[in-house]
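As a plain string of letters, each chain reads:
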Amino acid sequence: MNPVRSLLFIKKASVQGSGLSSMQETSNGVKFSLYFILISYLVAGAGLLALSLTDAISPLFIVGMGCIVFLNLFLNIKGRTFSISKTLWNIVAVIILAASLADYFFISPSLIEVSTRFLTILMIVKLFDLKTNRDYAVLYVLAFFQLLAASASTVSLSFLFVLALYILTGIWALTIFNLKREWEEKSAIHKEIPRNILDPFFFLATAGLAIFSLIITLSLFFVIPRMAVGFLPKTTADIIKVSGFSEKVDFGELGPIKLDPTIVMRVGLQPPLPPPLLKGGLGGLYFRGVAFDTYNGTQWQQTIKKLAFLQKNQDGVFAYPTRYDWEQTALSERQVIKQVILLEPIETNVLFATSFGTGIAGNFRNITADNMGSFYLPAPLYSRIEYTAYSVMQSPLKGLQRQQGSIKNSALQYLQLPIGYEEVALLARDITISKKTAFEKAAAIEEYLKKNYRYTLTPRKSAGKNPIEDFLFYTKEGYCEQYATAFAILLRVVGIPTRLVTGFLPGEWNSFGNYFIVRQKDAHSWVEAFMPGFGWTTFDPTPSAEAAGAAAPATSRVTLYIDSMRWRWNRYIVNYSFSDQATLARSVEDKTRSLLLNLKWQSIRKGIAKPKKETIFLGVIVVAIILTTVTVSILRQEAKPKSVKTPFFYKALLKVLAKKGKIKQTQETPLEFANAIALPEVEAITKIYYDVRFGGYKLTDREQHNILIQLIDIKKRQI
Amino acid sequence: MNFRLTLAAPLPWLASAANLISKKNRIRKNKIKYFVFPRTLSFTKEGRRFIAMLFIIGIAAINTGNNLLYLVVAMMLSLIIISGILSESTLRGIEVYRTLPRHIFAGMPATAKLTASNGKSFLPSFSLIIEETLPSLRFLKGSAREFTAESAYILKLPAHASLATIQSYTFHKRGLYKLQGFTVKTRFPFGFFLKGRRVKSSIDVLVYPRLKPIKKARSAGLALHGVSPSLLRGQGAHLYNIRDYTPADDSRFIHWKSTAKAAKLMTKEFEQEKKKKVKIVFYNALLPLPDFHDRFEGMVGEAASLTDYYIRSGFEVGFNSLTAEVPCKSGREQLYRILRELAIIEPVTSNKDISLSVKVIGQ
């Protein structure tokens, strides 16, 4: 190519007509329409997946619908679409609506259930009628409604993944849909959109955007203002059956569930406890449920239970009244523990707290407590709830031995004994014969039970008059219920008030999320005995209490990690509340303040003097100027002309003249140089150069051509 | 991530908010816009529905306190943010230039070449609609001009690439048009918002008056005045010159002797029998008539049409008005010289007692 001509080459892909046709037929690959169909089905799939999260719809329905979607996709790719007229489509929609209404009134009264089914069937029918852009738009909207329906009826962690999938496919589909529609609107000739629009970069970029969008979504989620109104999350269908927390507990009721690994609750602790305390046992943690005062030989009952509504204090905590017995413990010996408890939907209205609970906080209208230190909701919620429990821990071993005193009148109610326990009474006296204080007696009996009896979940039956005699004198084996009941009776025989308590051991510690996973099999019963001069004290005579949790094979780290994800999801997403938001804001404020303080401290340490008022004022002005400049520069950026480079033709001219020995000196202006050369062509080009360089003039093709010819002329001429 | 991009993403929202606030003010006072925001933003039909849905779901979220609904609301908001960033990135770095033909007549479509180039080093631009920015109030003031320009659509403009398209412009009236530049708009990526960016590319366009065919009666009248071009038809008898033959010449006038001598085709040139000259005289006087403007424009059109008619008929044509004078000459360049005067001619107040008229004076 001629060197001068090559200078005039402008990189361009000239497109005639409506400016579109150049990019067709350039690359090979999957056809655009196929991409579009696949991505639209992916969106539909994401919608269907979202619906599968709701408990309202049976998996069979979802699988069936999924199969139809696949079949339909296959037909669509093969190009065999069904033609449904608009009227027919409307009729079908009306029939589906009528069927759904009938479903609602006569079959299933759940609106969510009916509407999800309605949406799904509508979507499936739409899939058979995907022709116009409008059809696709309707499909996307239906899929979005499915996501909405799922959000309203599930709390599963899987929702996050479905949401992520929806964002990814949604961004893809919407972008491609929009391009397709605009192309069809704007292009005169209705050709298929060029394939090279959708290069791998396009898909990678969209995937990156989807991740970015998810990050923004989560950040916005935490920032969107919440209302301080208390609302309860919706009901879930899986309600866990629990035993031991009703007003009566049959002897042996707890046995069968001791093998059940279902998670009942997850408990996070503040402040974090030292490792020895993370195990259950005396001085350790016990998640206390309810206490029983009367034993009739076959079941424990609550006969003296008195319920009272708790008052909310200024911190929003339903505080337990302070008149209770265990309050005798000296203040210095107490440690307050805050527990954040995520309780699965269970069949009881009992709220659990570590012994001994002092208050409950949460989105509750009211909470009741009984005189035995238990907390209750007005009714079982049948939904996953989160609340905060406050407890004090005793350290009873310190100085308990020396405590002597009288038993308070209120505690005398806990001395009831069933008839026919004479042999048990004899045994109790034998064990405690040399012991003086209540604590010594209790400790002796506890030790006796731990030493002489064997822990088993399947105790044999025997010839005893009652289950306790069976346990104490014949089989000599049993689990927590046998141990605790025997201990309670033995203590009562020697005049120490006792009550049986049911609840949970801490279960498994999840170090990924720093919380306890409490399962059904961690259900436990133990005894609280009244120590004169001290108050109610926890005793656990069951030997394997500490080992109960460890008996099962350790959960794998992956499972623990997934569970910690679930815990976080529930803790920070599903149960995120106004107070969490306030805490977040406070922590941000605190961190900023501490950072500033830190900086200040460092500056003082480095000997930098405290800034004067004038300096601060100056600083503010400088910051304001910088901000204004940045804003104005962004706003003005459009108006600013780009810096103009020397036009290519003038460079070419200089090159041509240089070859002929005429070199432009730096001090010469182009006009002076042109005058010195004294050639009309040079003068003409210089004039155009001035126009282009300083006048912002844009050359036409003809002018470019003329310059080229003039340059060739100059090249030929002798100077 | 491009920080500037993120920083600039919310600006169109501010712009549309500011526009909404100041709209009332602007309409009432009909004032000049002192500050033009670099982006325009409007909702599409889908965008309006999306926002409506967002509000409804937002209210539902507040009402039920369902955090997963809040999550959906956050997702929808994030889509708006993503949309803002993507449309910003698609509009950035786009430059547009146009090349218009040299001679443009009012009312006649003119084909212009639009060249759009993407100056970004890495990111392609999608789905661009390029529209000529219509002059704002300030430019409409002096001489109200109207024009229509086809908008161009570019599906994809790769990084560092240029694309050219041919678009038709129609200027409805004569005069000087100051084209400001373009508004590059996009609905990319989701079609919820139509975002526009102004690209400066100013150029002055002179539009000649509309040419009309001379009616038969009028040309007959002109013939009576002795200035009918029909008298000019034919060539004179006397030989004037012998010169090189050009394909435009009549082959009957090839001078074979000279052709043989020079070994190339030579043709005879004849002396014109009579140098015909006319002068178009336009009294562009401002008169207090109710339909003056229309009449004036009609006269301008007539003057232009007559000039064209005589130039095409080989006359030397001159032009005189109260404000301008073009001496007699022939040829197409002379036509454009006179048309340029007519393109910008305005009525003037005159103390002479003359009426608005166009006259052809034969010389």
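Residues numbered from 1 in each chain as written. Chains lettered and ligands numbered in written order. Predicted model: local features only at pLDDT ≥ 70, side-chain atom pairs only at ≥ 80, totals over all residues. Heavy atoms only, no water.

Caption draft 1: Broad picture of the pattern of salt bridges. Counted according to the given criterion, the structure contains 27 salt bridges over all chains. For A:Asp135, the salt bridge identified is with A:Lys126, shortest N-O distance 3.0 Å. The pair A:Asp135 / A:Lys126 is uniform in exposure class, with both members buried. Salt-bridge contacts for B:Arg92 lead to B:Glu88; the nearest nitrogen and oxygen are separated by 2.9 Å. Residue classification places B:Arg92 among the buried residues on the basis of a relative accessible area of 13%. (Salt bridge = Lys/Arg side-chain N within 4 Å of Asp/Glu carboxyl O. Buried < 20%, exposed > 50% of the residue type's maximum accessible area, 1.4 Å probe, protein only.)

Caption draft 2: How the structure looks around helix 7 (residues 158–186) of chain A. With 29 residues, helix 7 of chain A ought to run about 42 Å at 1.5 Å a step, and its terminal C-alpha atoms sit 41 Å apart, in line with that. With 21 of 29 residues buried, helix 7 of chain A lies mostly within the body of the structure. (Helix = DSSP H or I, 4+ residues; strand = E, 2+ residues; numbered from the N terminus. Expected span 1.5 Å × (residues − 1).)

Caption draft 3: View of the sheet that holds strand 14 (residues 316–321) of chain B. Residues and elements named next belong to chain B. Reading across from one edge, 15-14-13-16 is the order of the four strands in this open sheet, with mixed pairing throughout. Each having just a single partner strand, strand 15 (325–329) and strand 16 (357–362) make up the two edges of the open sheet. Taken over all neighbouring pairs, the strand axes of this sheet differ in orientation by 15 degrees on average, direction set aside. Pairing analysis gives six bridges linking strand 13 (residues 277–283) to strand 16, with the strands arranged antiparallel. Bridge pairing links Phe282 to Val358 in strand 16. Packing of helix 8 (residues 292–312) onto the sheet brings it into contact with strand 13, strand 14, strand 15 and strand 16, and relative to strand 13 it is tilted by some 175 degrees. (Pairing = 2+ DSSP bridges. Axes fitted to C-alpha atoms, helices over the stretch in contact; angles between N-to-C directions. Contact = heavy atoms within 4.5 Å.)

Caption draft 4: View of the packing of aromatic side chains. Tallying each qualifying case throughout the model produces 46 aromatic pairs over all chains. Summarising the aromatic geometry, the rings of A:Phe144 and A:Phe145 are spaced 6.4 Å apart at their centres and angled 45 degrees between planes, so their arrangement reads as tilted. A residue is classified by how much of its surface remains accessible, and A:Phe145, at 31% relative accessible area, is partly exposed. Note on B:Phe192 and B:Phe193: the rings are 6.5 Å apart at their centroids and 85 degrees apart in plane angle, and the pair reads as edge-to-face. Chaining the aromatic ring pairs together yields one cluster made of A:Tyr35, A:Trp172, A:Phe202, A:Phe203, B:Phe126 and B:Phe188. The ring of A:Phe221 is capped by A:Arg226, whose NZ or CZ atom sits 4.5 Å from the centre of that ring. Its guanidinium or amino end placed over the ring of B:Tyr70, A:Arg226 lies 3.9 Å from that ring's centre, counting from NZ or CZ. (Phe/Tyr/Trp six-rings, centres within 6.5 Å; stacked < 30°, edge-to-face > 60°. Lys NZ or Arg CZ within 6 Å of the ring centre and 35° of its normal.)

Caption draft 5: Representation of the sheet that holds strand 6 (residues 299–301) of chain A within the structure. Residues and elements named next belong to chain A. Pairing is antiparallel across the open sheet formed by three strands, whose spatial order is 2-6-5. Here the strands that pair on one side only, and so sit at the sheet edges, are strand 2 (248–250) and strand 5 (294–295). Bridge analysis of strand 5 against strand 6 gives two bridges, and the strand direction is antiparallel. Paired with Thr294 across the bridge in strand 6 is Gln301.

Caption draft 6: Expanded view of the nonpolar core. With 99 residues, the main nonpolar core has A:Leu147, A:Phe159, A:Trp569 and B:Leu71 as its most contacted residues. For this core, the element with the highest residue contribution is helix 7 of chain A, accounting for 14 residues. Residues A:Phe245, A:Ala353, A:Phe439 and A:Ala484 belong to the second largest nonpolar core, which totals 78 residues. (Core = buried A, V, L, I, M, F, W, Y, C linked by side-chain atoms within 4.5 Å.)

Caption draft 7: Examining the confidence of the model for chain A more closely. Per-residue confidence for chain A gives a mean pLDDT of 78; residues scoring 70 or more make up 82%. pLDDT under 50 marks residues 546–551 of chain A. Its contacts with residues more than four places away, or in other chains, come to four contacts. (pLDDT = per-residue confidence, 0-100.)

Caption draft 8: Just the interface of chain A and chain B, in detail. Facing 73 residues of chain A, the contacting portion of chain B comprises 64 residues. With both sides pooled, the region where chain A packs onto chain B buries about 5700 Å², and carbon together with sulfur makes up 68% of that total. Here A:Arg181 makes a salt bridge to B:Glu46, at a shortest N to O gap of 2.9 Å. Between the two partners, chain A and chain B, sit twelve residue pairs in polar contact (both at pLDDT 80 or more). Counting residues per element, the ones that place at least two in the side of chain A that touches chain B are strand 1 (13–14), helix 6 (133–153), helix 7, helix 8 (200–223), helix 13 (557–574), helix 15 (613–636) and helix 19 (701–716) of chain A. The element that contributes the greatest number of residues to the side of chain A that touches chain B is helix 7 of chain A, accounting for 15 residues. Here the side of chain A that touches chain B is composed, by residue class, of 42 nonpolar, 17 polar and 14 charged. (Buried area = accessible area lost by both parts, 1.4 Å probe. Polar contact = N/O pair within 3.5 Å; in protein donor to acceptor, adjacent residues only side chain to side chain. Nonpolar A, V, L, I, M, F, W, Y, C, P; charged D, E, K, R; others polar.)

Caption draft 9: Looking closely at a nonpolar patch on the surface. Together, A:Leu97, A:Leu101, A:Phe105, A:Phe106 and A:Ile107 make up an exposed nonpolar region whose accessible area comes to about 610 Å². Position of A:Leu101 relative to the elements: it lies in helix 4 (residues 86–107). (Patch = residues over 30% accessible without salt bridge, like charges linked within 9 Å, V, L, I, M, F, W, Y side chains within 5 Å. Areas by Shrake-Rupley, 256 points an atom, 1.4 Å probe, with all protein chains shown as cover.)

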